[in-house]
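Next come the chains, spelled out residue by residue.
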Amino acid sequence: MRAGLRGRFIRAVPGVGSALRRARFAHAVPGTKSGVRAGRRGRFTRAAGGGKPGVRARLRARRDARAVQAATAGESQAVATGTTQAVPEARDGMFRALRNHNYRLFLTGGVISNVGGWMQRTAQDWLVLDLTRNPNDPSSSGSAVALGLTTALQFLPLVLFGLWGGMLADRYPKRSLLLIAQSLMGLLALTMGALVITGNAQVWHVYVMAFSLGLISCVEVPTRQSFVVEMVGRRDLSNAIALNASSFNLARVVGPAVAGVLISMLGGTGPMFVVNGLSFIAVLSGLILMRTSELTTPEPVPRAKGQLREGLRYVLAEPALLMPILLVAFVSLFTQSFTISIALMARQVFGADASSFGVASSVFAVGALGGALLAARRARPSRKLLIAGALSFGVFQIVCGLAPWYPLYLLFLIPAGVALISVNTSANASVQLASSPEMRGRVMGLYVLVLTAGAPLGAPLLGWVSEMGGPRTGVMIGGVLTVVGVGAATMLTRALTRRSDAAVRGVAAAAAGAR
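Conventions we followed
Residues numbered from 1 in each chain as written. Predicted model: local features only at pLDDT ≥ 70, side-chain atom pairs only at ≥ 80, totals over all residues. Heavy atoms only, no water. Helix = DSSP H or I, 4+ residues; strand = E, 2+ residues; numbered from the N terminus. Contact = heavy atoms within 4.5 Å. Axes fitted to C-alpha atoms, helices over the stretch in contact; angles between N-to-C directions. Left-handed = near helix turned anticlockwise from the far one by under 90°. Nonpolar A, V, L, I, M, F, W, Y, C, P; charged D, E, K, R; others polar. Expected span 1.5 Å × (residues − 1). Buried < 20%, exposed > 50% of the residue type's maximum accessible area, 1.4 Å probe, protein only. Phe/Tyr/Trp six-rings, centres within 6.5 Å; stacked < 30°, edge-to-face > 60°. Core = buried A, V, L, I, M, F, W, Y, C linked by side-chain atoms within 4.5 Å. Salt bridge = Lys/Arg side-chain N within 4 Å of Asp/Glu carboxyl O. pLDDT = per-residue confidence, 0-100.

1. A word on the environment of Phe 412
- Mapped onto the elements, Phe 412 comes out in helix H14 (residues 406-433).
- Contact partners of Phe 412, with chain neighbours within four places excluded, come to Phe 396, Val 399, Cys 400 and Ala 403.

What follows is the structure, given as structure tokens:
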């Protein structure tokens, strides 16, 4: 009976079975460490002898010990109570993560702040086009290169310093870091709003604001991403990530539409920056009112040399981390350029005004919101969904570029949004669930790096292509390269996995020979 209960418990709790198998293997082969990889997990020690284990082995040993301890405790409880479910399954439902008080505060503040953020993003794009328009040419609609450069400057700091931001997220309390970062972002938006309202704004002001916002985001984004699991735990993590994406895309529906109407009514973009600055009060209030006793905060990682290299080695040894990160790296190269293309297609191809441009951004966000809500119903992400979403996004980019009429273009934006958000939510959840608590900040720093690294490269490149060959050409080229990137990410992961498998077999054979 006890063995049967153990089997049912292992099947009910993901990850416990593999941990128990690794622990038994370590005992069965003298001289090996508990970090020897099982199956395709990619974790192994560097030597079969009694040398000092590598970082992967030490982290794996800690996780295995916790899993084995949990399995033993759960099995004992099942025997004592006569039940077979030692750990309750996560409750079904699209909004199950909202049962957590701290997450409710976090999500509420995030919705309000995200609406303000998308109002500012819409106003920023429109402001750049206005500031770069040739006043002597009535047909001039602004510079696509300047628009791409603004986006590149906003994401360039994340490329240069994103890994350091993830390292800070591991070293310091995440809630405190978020309070500081969100306050600085609010002040930056209010400053830019004052410049625009007073008529002193120039295009270089927008460049400086975008770059400064990127610097703050180096710390804020990986910290915010890795803070979610401290509020909801691992069981509700996938649902919380999907709800965050829903919040973001709900704001993406409301924000641009409201901004487009207000820009037309007020005749300027300055008030949008002010509204965004004030919206940060909501997220700051939510962070302050949280119950710190309900946060599952890991021990801070002490300062040490080589922590960035340690994080990179950790990801390279984990196929479960490497695949989504590589896929996101290729897809994100053209994601931001597609977002920019909405403004270019609306204004230069279809001759839309500010309010119509806001509608186009909102329609794309409707698809993304639908995709996020569908993701919220799934218990765990899958690799097949990740690949299918990336391929679909590339195909619908091409279809959008071929759309002959504006209403048809708007219609194609919906499935493009569904596909893109499926990639983002699946990859984010996969990476966080596969990460150790001690490494999560650095892993998310790398994830955010590849997620945003494409903007400084892809946005100016496709902005230039759009300027030379038209927005349609830029959109279609981005779609073709996205499909090619999915294939490249898949093949590269398989190649690295085969190398890892061969290395593990060699270590296991050496250990067996020594025995």
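2. Description of the packing of helix H5 (residues 144-171) against helix H7 (residues 203-232)
- Close contact between H5 and H7 brings their axes to 7 Å; oriented N to C, the two are set at 35°. When the axes of H5 and H7 are compared, the crossing they make is right-handed.
- Counted by class, the contact of H5 with H7 contains 18 nonpolar, nine polar and no charged residues.

3. Regarding helix H6 (residues 174-197)
- With 24 residues, H6 should reach 34 Å at 1.5 Å per residue; the first-to-last C-alpha distance of 35 Å fits that figure.
- Within H6, burial applies to Lys 174, Leu 177, Leu 178, Ala 181, Gln 182, Met 185, Gly 186, Ala 189, Met 192, Gly 193 and Val 196.
- Taken together, the buried residues of H6 touch helix H4 (101-131), H5, H7 and helix H9 (270-288).
- Looking at the residues trailing H6, positive phi occurs at Gly 199, about 80°.

4. Side note on the packing of aromatic side chains
- For the structure shown, the criterion picks out six aromatic pairs.
- An angle of 50° between the planes, with centres 5.1 Å apart, marks the rings of Phe 350 and Tyr 406 as tilted. Of this pair, Phe 350 sits in the loop between helix H11 (319-349) and helix H12 (354-376) while Tyr 406 sits in helix H14; the two residues are 56 residues apart in sequence, bridging distant segments of the chain. For the pair shown, Phe 350 and Tyr 406 are each scored as buried.
- Among the aromatic residues, ring-to-ring pairing joins Tyr 103, Phe 106 and Phe 227 into one connected group.

5. Some points on H14
- Under the 1.5 Å per step criterion, the end-to-end length of H14 is 41 Å for 28 residues, consistent within 8% with the ideal 40 Å.
- Taken across its 28 residues, H14 has 20 buried, putting it largely inside the fold.

6. Things to note about the nonpolar core
- Judged by nonpolar contacts, the single largest core of 50 residues is most densely connected at Val 315, Phe 338, Tyr 406, Tyr 409, Leu 413 and Tyr 447.
- Sort the elements by how many residues they give to this core and H11 lands first, with eleven residues.
- Formed by 24 residues, the second largest nonpolar core is a distinct cluster that contains Ala 123, Leu 127, Ile 340 and Leu 344.

7. As for the pattern of salt bridges
- In this structure the tally under the stated criterion is eight salt bridges.
- Between Asp 236 and Arg 99 there is a salt bridge, and its shortest N-O distance comes to 2.7 Å. With a gap of 137 residues between them, Asp 236 in the loop between H7 and helix H8 (237-266) and Arg 99 in the loop between helix H3 (55-81) and H4 connect regions that are remote in the sequence.
- On the basis of relative accessible area, Arg 99 is assigned to the partly exposed category, the value being 30%.
- Salt-bridge contacts for Glu 230 lead to Lys 174; the nearest nitrogen and oxygen are separated by 3.0 Å. Of this pair, Glu 230 sits in helix H7 while Lys 174 is found in helix H6, placing the two residues 56 residues apart along the sequence. Considered together, Glu 230 and Lys 174 belong to a single accessibility category, that of buried residues.
- Ionic contacts of the salt-bridge type, sharing partners, join the residues Asp 170, Glu 310 and Arg 442 into one network.

8. Some remarks on the confidence of the model for the protein
- Of all residues in the protein, 75% attain a pLDDT of 70 or more, and the chain-wide mean is 76.
- For residues 1-53, every residue scores under 50 in pLDDT, and the model assigns this stretch 99 contacts once sequence neighbours within four places are set aside.
- Counting contacts from residues 65-91, a segment whose pLDDT is below 50, to residues more than four positions away or on other chains yields 36 contacts.

9. A word on the environment of Leu 481
- When you line up the elements, Leu 481 lands in helix H16 (residues 471-514).
- Leu 481 sits in the partly exposed class, given a relative accessible area of 34%.
- With 87 residues separating them in the primary sequence, Leu 481 and Gly 394 have C-alpha atoms 7.6 Å apart.

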